[in-house]
2 protein chains.
Amino acid sequence: MPRTIAVLGGTGPEGFGLALRWVQAGETVIIGSRDAKRAQDAAEKIRQRAGANAKIVGDENASACTVADLLVLTIPFEGHAALLKQIKPGIRPGSIVIDATVPLAASVGGRASRTLGVWQASAAQQTAELVPKGISVVAAFQNVGAELLNAEGPVDCDVIVCSDDPNASQIALQLATRIPGVRAIDGGKLENARILEQITALLIGLNIRHKGHSGIRITGLPPEAYSSQ
Amino acid sequence: MPRTIAVLGGTGPEGFGLALRWVQAGETVIIGSRDAKRAQDAAEKIRQRAGANAKIVGDENASACTVADLLVLTIPFEGHAALLKQIKPGIRPGSIVIDATVPLAASVGGRASRTLGVWQASAAQQTAELVPKGISVVAAFQNVGAELLNAEGPVDCDVIVCSDDPNASQIALQLATRIPGVRAIDGGKLENARILEQITALLIGLNIRHKGHSGIRITGLPPEAYSSQ
């Protein structure tokens, strides 16, 4: 069954990079943005990189949700709750929301190497509170830097997936493995999202300090713990 | 100049493993414990594994501090503040305290895959508050599992080092590279210890879920960011 992935905030570098990788892997993607025109421009850029068979369109965020089964949030934290409230009425029953948002202190004028304290403990847990009942939330993709996604070649990073819904985790694990180089690991319950989000702040700090594009790999687990292409 | 490393709480698996690796690398180590006899027994076990030239003794924690320049804390969080208060009078001026403690919820009967909220934001920052003035604190080694340290062969894990004192960071980076396989990375200021400590909880959760001995590697930094043997 073909599925459609809506990457909300997909005109930003992280969302654009994820959308690009999924389109390159043959997935059907809608780039969502506050501005439909910007979304369409981004979709066109992805088409140019991915080729004529690319299954990609762009639309306004709320419209994008109405035709997608998988919603991926790649928005700055300052727009996170507002976007969820805006799209809530249009989220289709049975959809899965995959949240890559990190509550960086940069959202309120602070540093990108620090996080804000979120009452629910993580952006992803805030999402779980804001989506309609019955919609599963997965935390994933926070630690895969936009530069790596937008570059050519495999991505040297693992993706840890956290959710209270094992079926939703499975789908996110599968989506992660569509990115060449990525190994996907089930990280347990959604409550662990708080750690994934903080790791991003650490990686941003390392990038600034050492002038790199860092990621993480998890070592020492048995082979069956890692999903990959 | 020969230096002496006191591993406080070194009869526990993490401290024992670090002490073993350092002794094997030719460092001079004192195992510290609440109980001098247990410390001496642990030191003897390390001597048996590391050979007759091993420079290792065992003593009570507070005594160990009085003859060491580098103090490494590998104690359960429930004993953390009490130990620091106990050893404070004996800490030699110019010593460096390297804190590997993680405030796991297991300390108060909760899960080892969750952390407690510490007022100062991390165990290492609590340490900075409890040591005498002029003593530098470094956060490091939280994410290197005891099983890996106590096994034979190289350790497939990076050590991120955080401190407000760049000289202290340098010494901790150097100590980390004495462990075969480890790459040491400067992770910036001590405030980032909170993230290192949480990563341990994530890794413990992964170990439970996937039955492994996980660690982390940081990818994507330029070669000069990594120190190794």
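These remarks concern the structure in this document. All residue numbers here refer to positions counted from 1 along the written sequence of the relevant chain. Whichever chain is written first becomes A and whichever ligand is written first becomes 1, with later ones labelled in order. For this predicted model, a pLDDT threshold of at least 70 governs which residues receive local features, and a threshold of 80 or more governs which side-chain atom pairs are given and counted, while totals over whole chains, interfaces and linings are taken from all residues. Here the side-chain values reflect all heavy atoms present in the structure, with hydrogen atoms and water set aside.

1. Structural notes on the overall build of chain A
Only DSSP runs of H or I with at least four residues qualify as helices, and only runs of E with at least two residues qualify as strands; both kinds are numbered from the N terminus onward. For chain A, the helix and strand inventory stands at eight helices and ten strands. We take the radius of gyration over the C-alpha atoms and set the globule estimate at 2.2 Å times the residue count to the 0.38 power. In summary, chain A has a C-alpha radius of gyration of 16 Å against a globular reference of 17 Å for 229 residues, a match within 12%. With the C-alpha coordinates of chain A rotated into their principal frame, the extents come out at 40 × 40 × 35 Å. Buried residues are those whose accessible area, probed at 1.4 Å on protein chains only, stays under 20% of the maximum for their type, while exposed residues exceed 50% and partly exposed ones sit between those limits. For chain A, buried positions account for 59% of its 229 residues. The contact rule is simple, with two residues in contact once any of their heavy atoms fall within 4.5 Å. Sequence separation of at least 24 residues holds for 75% of the intrachain contacts in chain A that already meet a minimum separation of 6. Note on charges: Lys and Arg go in the positive column, Asp and Glu in the negative column, and His and the chain ends are not counted at all. Here the site of a charge means NZ on Lys, CZ on Arg, CG on Asp, or CD on Glu. Of note, chain A has its 22 positive side-chain charges centred 4 Å away from the centre of its 21 negative side-chain charges.

2. A few points about the relation of the copies chain A and chain B
For this overlay, a least-squares fit was computed on C-alpha atoms, restricted to residues scoring pLDDT of at least 70 in both copies. Once chain A has been moved 0.0 Å along the axis and rotated by 180 degrees, it coincides with chain B to within an RMSD of 0.0 Å. On the angle and the small slide along the axis, the relation comes out as a two-fold axis. Minimal C-alpha separation from the rotation axis in chain A is found for Arg 217 of chain A, amounting to 2.5 Å. Comparing contact sets, 100% of the residues at the interface of chain A also lie at the interface in chain B, consistent with an isologous, same-surface contact.

3. Some words on the nonpolar core
In this description, a nonpolar core means a group of buried Ala, Val, Leu, Ile, Met, Phe, Trp, Tyr and Cys residues linked to one another through side-chain atoms lying within 4.5 Å. Ile 218 of chain A together with Ile 87 and Ile 218 of chain B are the most contacted members of the largest nonpolar core, which totals 79 residues. When neighbours within four sequence positions are excluded, Ile 87 of chain B is seen to be in contact with Leu 8, Asn 61, Ala 62, Cys 65 and Leu 71 of chain B.

4. Focus: the environment of Pro 89 of chain A
Residues and elements named next belong to chain A. With respect to the helices and strands, Pro 89 occurs in the loop between helix 4 (80-87) and strand 5 (96-99). The class for Pro 89 is exposed, based on a relative accessible area of 74%. Considered as a pair, Pro 89 and Ala 193 are 104 residues apart in the sequence and their alpha carbons are 25 Å apart.

5. A short note on the pattern of salt bridges
A carboxyl oxygen of Asp or Glu within 4 Å of a side-chain nitrogen of Lys or Arg is what we treat as a salt bridge. Counting across every chain of the model gives 22 salt bridges over all chains. In this structure, Asp 186 of chain B and Arg 209 of chain A form a salt bridge, with 3.4 Å as the shortest nitrogen-oxygen distance. Linking Asp 186 of chain B in strand 8 (residues 183-186) with Arg 209 of chain A in helix 8 (residues 193-210), this pair reaches from one chain into another. We classify Arg 209 of chain A as partly exposed; its relative accessible area is 42%. Within the structure, one salt-bridge network assembled from shared partners comprises Asp 156, Asp 158, Arg 183 and Arg 217 of chain A.

6. Things to note about unusual backbone geometry
In this model, Ala 121 of chain B sits at a positive phi of 90 degrees, which is unusual for a non-glycine residue. You can see Ala 121 of chain B is positioned in the loop between strand 5 (96-99) and helix 5 (123-130).

7. Let's talk about helix 5 of chain B
Burial runs high along helix 5 of chain B: six of the eight residues are buried. On its buried face, helix 5 of chain B is in contact with strand 4 (70-73), helix 4 (80-87), strand 5, strand 6 (136-139) and helix 8 (193-210) of chain B.

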